[in-house]
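The lines below spell out each chain.
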Amino acid sequence: MQLRYAFRLHPDAGRQTALARAFGCVRVVFNHAVRAREEARRAGRPFPGAGELSTRVITEAKRTVERSWLGEVSVVVLQQSLRDAEAAYKNFFASFKGTRKGPKLSAPRFKSRKDTRQSIRFTANARFFASFVTGTDPAADANRMPASGQSVGIDLGLTLPHSVRGTPIAVLSTGEKLSTRLISENQGIAVESLSVAGLARTKPAKSVHDAGWTAFVNMLEYKAQRYGRALVKIGRFEPTSQTCSLCGTVDGPKPLHIREWTCTACGTLHDRDHNAALNIHQAAGLAVTACGAPVRPESVRAQREETGSHGFPTGNRAA
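Numbers given for residues are sequential positions, taken from 1 along each chain in its written order. Whole-chain, interface and lining totals are the exception, using all residues; otherwise, since this is a predicted model, local features are given only for residues with pLDDT of at least 70 and side-chain atom pairs are given and counted only at 80 or more. Hydrogen atoms and water are omitted, and side-chain values are computed over all heavy atoms in the structure.

Novice: Which parts of the structure should I look at to understand the side chain of K254?
Specialist: Looking at where K254 falls in the secondary structure, it is placed in the loop between β5 (230-234) and β6 (260-262). This buried residue, K254, is left without a salt bridge; D251 holds the nearest opposite charge, at 4.4 Å. Here D251 takes part through its backbone oxygen, which lies 3.5 Å from a polar atom of the side chain of K254. In this description, contact between two residues means that some pair of their heavy atoms is separated by no more than 4.5 Å. Setting aside anything within four residues of it in sequence, one finds K254 in contact with S241, Q242, W261 and R272. Under the DSSP-based scheme used, a helix requires at least four consecutive residues in state H or I and a strand at least two consecutive residues in state E, with every element numbered from the N terminus. Accessible area is worked out with a 1.4 Å probe on protein chains only. A residue is then buried under 20% of its type maximum, exposed over 50%, and partly exposed in between. Under the convention used here, Asp and Glu are negative, Lys and Arg are positive, and both His and the chain ends fall outside the count. A pair is scored as a salt bridge if a Lys or Arg side-chain nitrogen falls within 4 Å of a carboxyl oxygen belonging to Asp or Glu. Polar contact is the term for a pair of N or O atoms within 3.5 Å; when the atoms are in protein, one must be able to donate a hydrogen and the other to accept it, and sequence-neighboring residues count only if both atoms are side-chain atoms.

Following this line, the structure appears as structure tokens:
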């Protein structure tokens, strides 16, 4: 397995100027490539290929007075920008045809100089980057996280998962991170397969994003694969908040402000989140299957650890 780390840089004034120049050149090349494709589409001509675009928007452009400043930065980052544009179009067409999983993608748009998410990428032959990938030792991982007979269900509320309430989703003073504790203590973990994109369009949208649901589940997912744990996602339409975890009676939907309720069948008083966590645990069947969970993870793509800054470009070589 591979892990990706990202650390924030603090360049001095001179390096900030150099980076800003590189960001600007990359943005211009990307926009030029998008414009060339759009002009070809409107004229009914075939899209220019990667080689043609490289010649037109980089090699020939640097020879003009208007774009001579493209020669002040590494050609590597300019070529990577063209590859990014090519990848963006491929993903768009795949999404349009329905061959790409996930939400529908729009056509590539021009990059703005006002956008704070500026990035450049280098190849292995031009390394100036703060993102790196490391390999892990399966034997060391197994020793670090021995098999456990416990399992847990997690209800992802707007505050914290109830089963670990009191521990924020953040780095503690001891250096522990919450997802690591859950993976360490439990052989099996069950969570709801929530539609975060859909929830973000509802009234509590800001709380959904602030809670970091997607990032938290992603951490659980790759750590479960790394340490041989079982992560089970149950359907988001499972009525976990409506079902009595003791007798199984479905008591109907309840507004979000109702945090406690009494089962009309057996009279049990439930904490909404705790009851949901118990139902998630039961729905996943982890009480039976936890001890039989796989003990070795399969190979997975590199992931960013919690360490370092978030919102960092996800390319293999980024600065």
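Moving on, there is more to tell.
Novice: Got a minute to help me understand the side chain of S54 in this structure?
Specialist: Within the secondary structure layout, S54 lies in helix α2 (residues 50-59). In contact with S54, other than residues within four places in its own chain, are T59, Q79 and L82.

Novice: Please clarify how the nonpolar core should be interpreted in this entry.
Specialist: In summary, soluble globular proteins display a tendency toward joint burial of nonpolar side chains. Buried Ala, Val, Leu, Ile, Met, Phe, Trp, Tyr and Cys residues that are joined via side-chain atoms within 4.5 Å together make up what is termed a nonpolar core. Ranked by internal contacts, the top residues of the largest apolar core, which has 23 residues, are V29, V77, L78 and I120. If you list the elements that add at least two residues to this core, you get α1 (13-43), α2 and α3 (75-97). Sorting elements by how many residues they give to this core places α1 first, with nine residues. In this view, L78 contacts C25, V26, V29, I58, L70 and V73; residues no more than four positions away in its chain are not counted. Counting 13 residues, the second largest nonpolar core, distinct from the first, contains M145, L182, I189 and A224.

Novice: Hey, could you run me through the environment of L269 in this one?
Specialist: By the element assignment, L269 lies in strand β7 (residues 269-271). The spatial distance from the C-alpha of L269 to the C-alpha of C244 is 9.3 Å, given a sequence separation of 25 residues. Setting aside anything within four residues of it in sequence, one finds L269 in contact with E260, W261 and T262.

Novice: Any chance you could explain the pattern of salt bridges here in plain terms?
Specialist: Two side chains with opposite charge may pair up if their charged atoms get near one another. Taken as a whole, this structure holds nine salt bridges when the rule is applied. The closest approach of N and O atoms between R21 and E72, which form a salt bridge, is 3.3 Å. Highlighted residues: R21 in helix α1 and E72 in the loop between α2 and α3, separated in sequence by 51 residues. Its relative accessible area of 36% is what places R21 among the partly exposed residues. A relative accessible area of 54% places E72 in the exposed class. One salt bridge connects D141 with R226, and the closest N-O pair in it is separated by 3.2 Å. Placement of D141 in helix α4 (residues 138-144) and of R226 in helix α8 (residues 213-227) is noted, with a sequence separation of 85 residues between them. The residues D141 and R226 share a single accessibility class, namely buried.

Novice: Sorry if this is basic, but what is going on with the packing of α1 against α2 here?
Specialist: In helix packing, the relevant descriptors are the interaxial angle and the interaxial distance, both defined with respect to the helix axes. For the pair α1 and α2, interaxial distance at closest approach is 10 Å and the crossing angle is 130°. Between α1 and α2, the angle falls in the class oblique. The handedness of the crossing between α1 and α2 is right-handed. Along the contact surface, α1 presents V29, H32, A33, A36 and R37, while α2 presents L53, R56, V57 and I58. Here the contact of α1 with α2 is built from residues that sort into six nonpolar, one polar and two charged. Axis definition: a line fitted to C-alpha atoms, limited for helices to the stretch in contact. Angles are taken between N-to-C directions and run from 0 to 180 degrees. Oblique is the label for any angle not under 35 degrees, not over 145, and not in the 65 to 115 range, which are roughly parallel, roughly antiparallel and roughly perpendicular in turn. Put simply, a crossing is left-handed when the front helix is turned counterclockwise from the back one by less than a right angle, and right-handed when it is turned clockwise. In this count, Pro and Cys sit with the nonpolar residues alongside Ala, Val, Leu, Ile, Met, Phe, Trp and Tyr, while Asp, Glu, Lys and Arg are called charged and the others, Gly among them, polar.

Novice: In this structure, what is going on with the pairing of strand β4 (residues 188-192)? I would like to understand it.
Specialist: Along any regular strand the residues' side chains alternate between the sheet's two faces. Counting buried positions over the five residues of β4 gives five, a clear majority of the element. On β4, burial covers both faces: G188, A190 and E192 on one face and I189 and V191 on the other are all buried. DSSP bridges decide pairing: two strands pair if at least two such bridges lie between them. Two strands pair when backbone bridges link them, and strand β3 (residues 151-154) and β4 are joined in this way by four bridges, in the parallel orientation. For I154, the partnering residue across the bridge sits in β4 and is V191. With five bridges joining them, β4 and β5 adopt parallel strand pairing. Each bridged residue has a counterpart across the sheet, and for A190 the counterpart in β5 is V232.

Novice: Help me out: how do you make sense of the sheet that holds β5 in this one?
Specialist: Two modes of strand pairing occur in sheets, parallel and antiparallel, and in both the strands are linked by backbone hydrogen bonds. On the basis of which strands lie adjacent, the open sheet formed by three strands has the order β3-β4-β5 and parallel pairing. Strand pairing shows two members of the sheet lacking a second neighbour, β3 and β5, which therefore form its edges. The sheet shows a mean angle of 20° between the axes of neighbouring strands, direction not considered. Against the sheet, helix α9 (residues 272-284) makes contact with β3, β4 and β5, and its axis sits at roughly 125° relative to β3, the strand it touches most.

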